[in-house]
Amino acid sequence: MDAEEFDTIVADEAAEYLRGIEAADQGPRRGECLRCYLDRMVIAHGCDDTTRFTRRWLTWAGMPDPKAVAEWLEAAGGYCDCEVIATALPEHWPWPPAGVGTGRYAQS
Ligand SMILES: [Zn+2]
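What you are looking at is a predicted structure, and each value in this text was computed from that prediction instead of being measured.

Draft legend 1. Just the environment of Ala 76, in detail. Mapped onto the secondary structure, Ala 76 falls in the loop between α4 (66-75) and α5 (81-88). Sequence-wise, Ala 76 and Thr 87 are 11 residues apart; in three dimensions their C-alpha atoms are separated by 7.1 Å. With sequence-adjacent residues up to four places away left out, Ala 76 is seen in contact with Thr 87 and Ala 88.

Okay, structure coming up:
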(Lines give C-alpha, C1' and ligand atoms only; values in the text may rest on other atoms or scores of the structure.)
Protein backbone atom coordinates (compact mmCIF):
# COMPACT_ATOMS: atom_id res chain seq x y z
CA MET A 1 0.00 0.00 0.00
CA ASP A 2 1.41 3.42 -0.90
CA ALA A 3 0.76 6.65 0.97
CA GLU A 4 -1.99 7.72 -1.41
CA GLU A 5 -3.90 4.46 -0.95
CA PHE A 6 -3.50 4.78 2.79
CA ASP A 7 -4.91 8.35 2.72
CA THR A 8 -7.90 7.18 0.70
CA ILE A 9 -8.67 4.40 3.17
CA VAL A 10 -8.38 6.79 6.13
CA ALA A 11 -10.64 9.33 4.41
CA ASP A 12 -13.23 6.65 3.59
CA GLU A 13 -13.22 5.40 7.16
CA ALA A 14 -13.58 8.94 8.52
CA ALA A 15 -16.54 9.61 6.20
CA GLU A 16 -18.17 6.33 7.25
CA TYR A 17 -17.66 7.22 10.92
CA LEU A 18 -19.25 10.65 10.45
CA ARG A 19 -22.23 9.15 8.61
CA GLY A 20 -22.69 6.82 11.56
CA ILE A 21 -22.72 9.70 14.04
CA GLU A 22 -25.23 11.62 11.94
CA ALA A 23 -27.49 8.57 11.62
CA ALA A 24 -27.25 7.85 15.34
CA ASP A 25 -28.15 11.46 16.12
CA GLN A 26 -31.37 11.21 14.12
CA GLY A 27 -32.30 7.64 14.92
CA PRO A 28 -34.55 6.52 17.77
CA ARG A 29 -32.85 5.51 21.01
CA ARG A 30 -33.32 2.09 22.52
CA GLY A 31 -36.80 1.89 24.04
CA GLU A 32 -37.78 5.37 22.90
CA CYS A 33 -41.48 5.76 22.18
CA LEU A 34 -42.71 7.49 19.05
CA ARG A 35 -43.87 10.54 20.92
CA CYS A 36 -40.59 11.02 22.82
CA TYR A 37 -38.65 10.50 19.60
CA LEU A 38 -40.71 13.08 17.73
CA ASP A 39 -40.35 15.57 20.58
CA ARG A 40 -36.59 15.19 20.41
CA MET A 41 -36.34 15.33 16.60
CA VAL A 42 -38.73 18.26 16.04
CA ILE A 43 -36.91 20.29 18.72
CA ALA A 44 -33.51 19.50 17.21
CA HIS A 45 -34.30 19.49 13.50
CA GLY A 46 -37.69 21.15 13.09
CA CYS A 47 -40.70 19.98 11.14
CA ASP A 48 -40.44 19.97 7.34
CA ASP A 49 -44.20 19.48 6.89
CA THR A 50 -43.77 15.76 6.30
CA THR A 51 -43.90 12.73 8.57
CA ARG A 52 -40.25 11.84 7.93
CA PHE A 53 -39.41 11.14 11.59
CA THR A 54 -42.73 9.39 12.24
CA ARG A 55 -42.08 7.06 9.32
CA ARG A 56 -38.50 6.50 10.42
CA TRP A 57 -39.64 5.48 13.91
CA LEU A 58 -42.39 3.19 12.60
CA THR A 59 -39.86 1.38 10.42
CA TRP A 60 -37.25 1.28 13.19
CA ALA A 61 -39.80 -0.13 15.65
CA GLY A 62 -40.46 -3.04 13.33
CA MET A 63 -44.12 -2.33 12.76
CA PRO A 64 -45.50 -5.05 10.48
CA ASP A 65 -47.25 -2.43 8.36
CA PRO A 66 -45.69 1.01 9.03
CA LYS A 67 -47.54 2.58 6.10
CA ALA A 68 -50.91 1.65 7.60
CA VAL A 69 -49.94 3.14 10.96
CA ALA A 70 -48.73 6.32 9.25
CA GLU A 71 -52.05 6.55 7.43
CA TRP A 72 -53.94 6.04 10.69
CA LEU A 73 -51.92 8.83 12.32
CA GLU A 74 -52.57 11.08 9.34
CA ALA A 75 -56.31 10.39 9.56
CA ALA A 76 -56.08 11.40 13.23
CA GLY A 77 -54.63 14.78 12.21
CA GLY A 78 -50.95 13.87 12.16
CA TYR A 79 -50.16 14.96 8.62
CA CYS A 80 -46.67 16.14 9.62
CA ASP A 81 -44.33 15.32 12.50
CA CYS A 82 -45.36 18.27 14.67
CA GLU A 83 -49.05 17.52 14.08
CA VAL A 84 -48.48 13.91 15.09
CA ILE A 85 -47.22 15.35 18.39
CA ALA A 86 -49.90 18.01 18.78
CA THR A 87 -52.98 16.32 17.35
CA ALA A 88 -52.57 12.58 16.86
CA LEU A 89 -50.62 11.78 20.06
CA PRO A 90 -51.33 14.66 22.45
CA GLU A 91 -51.51 12.55 25.62
CA HIS A 92 -47.91 12.63 26.70
CA TRP A 93 -46.13 14.49 29.42
CA PRO A 94 -44.06 16.61 29.67
CA TRP A 95 -44.53 18.74 26.62
CA PRO A 96 -42.84 21.01 26.03
CA PRO A 97 -39.70 20.51 28.11
CA ALA A 98 -38.87 23.45 30.37
CA GLY A 99 -37.92 26.51 28.39
CA VAL A 100 -39.04 25.13 25.04
CA GLY A 101 -42.25 25.92 23.27
CA THR A 102 -44.09 28.94 22.06
CA GLY A 103 -47.54 29.60 20.73
CA ARG A 104 -49.77 26.56 20.77
CA TYR A 105 -47.13 24.46 22.54
CA ALA A 106 -46.50 26.88 25.40
CA GLN A 107 -47.53 25.74 28.86
CA SER A 108 -49.58 28.33 30.68
ZN1 LIG B 1 -45.37 20.13 11.21
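Draft legend 2. Representation of the packing of helix α2 (residues 34-45) against α5 in the model. Their axes nearest at 9 Å, the elements α2 and α5 cross at an angle of 130 degrees. In this view, α2 runs oblique relative to α5, as classed from their interaxial angle. Viewed along their axes, α2 and α5 form a crossing whose handedness is left-handed. On the side of α2, the interface is formed by Arg 35, Leu 38, Asp 39, Met 41 and Val 42, while α5 contributes Asp 81, Cys 82, Val 84 and Ile 85. Residues of the contact of α2 with α5, tallied by class, amount to six nonpolar, no polar and three charged.

Draft legend 3. Fine view of the packing of helix α3 (residues 52-60) against α4. Where α3 contacts α4, the axes come no closer than 9 Å and their chain directions differ by 140 degrees. By the criterion of interaxial angle, the relationship of α3 to α4 is oblique. For the crossing formed where α3 meets α4, the hand is right-handed. Two secondary-structure elements touch here, α3 through Thr 54, Arg 55, Leu 58 and Thr 59 and α4 through Pro 66, Val 69, Ala 70 and Leu 73. Along the lines of polarity and charge, the residues of the contact of α3 with α4 split into five nonpolar, two polar and one charged.

Draft legend 4. The arrangement of the confidence of the model for the protein chain in detail. For the protein chain, mean pLDDT is 80; residues scoring 70 or higher make up 78% of the total. Contacts for the low-pLDDT stretch residues 99-108, under 50 throughout, to residues beyond four places or in other chains number eight contacts.

Draft legend 5. Here's a closer look at the nonpolar core. By size, the foremost hydrophobic cluster in this structure holds 15 residues, and its most contacted members are Tyr 37, Leu 38, Val 84 and Ile 85. Secondary-structure elements contributing two or more residues to this core are α2, α3 and α5. Sort the elements by how many residues they give to this core and α2 lands first, with five residues. Filtering out sequence-adjacent residues up to four positions away, Val 84 remains in contact with Leu 38, Thr 51, Thr 54, Leu 73, Gly 78 and Leu 89.

Conventions and cut-offs
- Residues numbered from 1 in each chain as written.
- Predicted model: local features only at pLDDT ≥ 70, side-chain atom pairs only at ≥ 80, totals over all residues.
- Helix = DSSP H or I, 4+ residues; strand = E, 2+ residues; numbered from the N terminus.
- Contact = placed C-beta atoms within 7 Å.
- Axes fitted to C-alpha atoms, helices over the stretch in contact; angles between N-to-C directions.
- Parallel < 35°, antiparallel > 145°, perpendicular 65-115°, else oblique.
- Left-handed = near helix turned anticlockwise from the far one by under 90°.
- Nonpolar A, V, L, I, M, F, W, Y, C, P; charged D, E, K, R; others polar.
- pLDDT = per-residue confidence, 0-100.
- Core = buried A, V, L, I, M, F, W, Y, C linked by C-beta atoms within 7 Å.
- Buried ≥ 20, exposed ≤ 12 C-beta atoms within 10 Å, placed from the backbone.

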